[in-house]
Amino acid sequence: MSENHNDHAPVALITGASKGLGLTLARFLAQRGYNLIINARDPQRLSAASASLPTAAANHQAVAGDISDPDCRQRLLAALQPLGRLDLLLNNASTLGPLPMPELVDYPPAELQRVLEVNSVAPLALVQDTLPYLAAAGGLVVNMSSDAAGGGYAGWGGYGASKAALDLLSATLANELRDQKISVVTVDPGDMRTDMHQDAFPGEDISDRPLPEVTLPFWAWLLGQDPAAISGQRFQAQSELWQVPA
């Protein structure tokens, strides 16, 4: 892990970056020369992820912890402070909730509260905490959503509700933060061959799902857009049309 940084490079903070899509995006942004702050709950996994990032590209810091924990967010801010700006906040960390995923009539309220805390409240809290750094860079917030946000799929009610809430929070933030030159979008990355997706389908063969790298053309396109022009929009990273019609 490198704690040096390039003062002229853009800065990205990625939660849930130890594996799956988060790690794929960390590697992608490192190759594009970003200074990175990466976060995940498991310190060992995060350390291995950090060691796997391209050494000749961006410098990076790894901050382990649960993003719903205020102490974790304070440590992320401490890592961000010397950089003085935040160009890209990727709220990627999520939890499916109890496994196997229960139907809503059987969903323990305390477990639902936990899912909402991690998937909806924590991303908002991180935006609140990093607001001065986002404003300094005219930054972009990307909140990771899901088709479950509107699908009404049996067994997906808790997770889907948390992502539906995140969609509305994102759209509202886009309107509220426009005058501060901060942009906010949501992205549904689609089904992918990840540990989280396997957890959602225990015992099933998910080898037909693509790896997270399939979304990289979308991310290259998204980061090439004027953030102000796309703020408030919702995107589907694996769809033929990336932009979801209003």
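On a predicted model such as this, the values are computed, not experimentally measured, just so you know.

(A) Seen up close, the overall build of the protein. A count of helical and extended segments in the protein gives nine helices and seven strands. In terms of C-alpha radius of gyration, the protein reaches 17 Å, essentially the compact-globule figure of 18 Å for 246 residues. Along the three orthogonal principal directions, the C-alpha set of the protein runs to about 50 × 40 × 35 Å. Looking at the 246 residues of the protein, the share that counts as buried comes to 48%. When the accessible area of the protein is evaluated, it comes to approximately 11,300 Å², of which 51% is carbon and sulfur surface.

(B) Structural context of the nonpolar core. Counting residues in each nonpolar core, the largest one holds 30 residues, and the members touching the most others are L29, L36, L90, V142, V187 and W219. For this core, the secondary-structure elements that each account for two or more residues are β1 (11-14), α1 (20-31), β2 (35-40), α2 (43-51), β4 (88-91), β5 (140-144), β6 (183-188) and α8 (216-222). Sorting elements by how many residues they give to this core places α1 first, with seven residues.

(C) Molecular detail of the environment of V121. If you trace the backbone, V121 turns up in helix α4 (residues 109-137). Sequence separation between V121 and D66 is 55 residues; the distance between their C-alpha atoms is 13 Å.

(D) Quick peek at the pattern of salt bridges. Following the criterion strictly, the structure yields four salt bridges and no others. Where D66 meets R114, a salt bridge forms, and the shortest distance between an N and an O atom there is 2.5 Å. In this pair, D66 is assigned in the loop between β3 (60-64) and α3 (70-80) and R114 in helix α4, connecting sequence segments 48 residues apart. Looking at D66, the relative accessible area reads 18%, which means it is buried. Residue R114 is classed as partly exposed on the basis of its relative accessible area of 33%. Ionic pairing is found between D87 and R85, a salt bridge with its closest N-O pair at 2.6 Å.

(E) Molecular detail of the packing of aromatic side chains. Throughout the structure, instances matching the rule amount to seven aromatic pairs. Site record: aromatic cluster; members linked through ring pairs are F218, W219, W221, F235 and W242.

(F) The arrangement of the packing of α3 against α4 in detail. The contact between α3 and α4 brings their axes to 11 Å, and the two run at 30°. Here α3 lies roughly parallel to α4, going by the angle between them. For α3 against α4, the interelement crossing comes out right-handed. Touching R73, L76, L77 and L80 of α3 are A122, A125, L126, D129, T130 and Y133, all from α4. Of the residues belonging to the contact of α3 with α4, the class tally is seven nonpolar, one polar and two charged.

(G) Structural view of the sheet that holds β6. With respect to topology, seven strands assemble into an open sheet ordered β3-β2-β1-β4-β5-β6-β7, the strand pairing being parallel. Two strands close off the open sheet at either side, each with one partner strand: β3 and β7 (234-236). If you compare each strand with its neighbour and ignore which way they point, the axes differ by 15° on average. Note: β1 against β4, three bridges, orientation parallel.

Procedures and definitions
- Residues numbered from 1 in each chain as written.
- Predicted model: local features only at pLDDT ≥ 70, side-chain atom pairs only at ≥ 80, totals over all residues.
- Heavy atoms only, no water.
- Helix = DSSP H or I, 4+ residues; strand = E, 2+ residues; numbered from the N terminus.
- Rg over C-alpha atoms; globule rule 2.2 N^0.38 Å.
- Buried < 20%, exposed > 50% of the residue type's maximum accessible area, 1.4 Å probe, protein only.
- Areas by Shrake-Rupley, 256 points an atom, 1.4 Å probe, with all protein chains shown as cover.
- Core = buried A, V, L, I, M, F, W, Y, C linked by side-chain atoms within 4.5 Å.
- Salt bridge = Lys/Arg side-chain N within 4 Å of Asp/Glu carboxyl O.
- Phe/Tyr/Trp six-rings, centres within 6.5 Å; stacked < 30°, edge-to-face > 60°.
- Axes fitted to C-alpha atoms, helices over the stretch in contact; angles between N-to-C directions.
- Parallel < 35°, antiparallel > 145°, perpendicular 65-115°, else oblique.
- Left-handed = near helix turned anticlockwise from the far one by under 90°.
- Contact = heavy atoms within 4.5 Å.
- Nonpolar A, V, L, I, M, F, W, Y, C, P; charged D, E, K, R; others polar.
- Pairing = 2+ DSSP bridges.

Taken by themselves, the reported measurements are silent on function.
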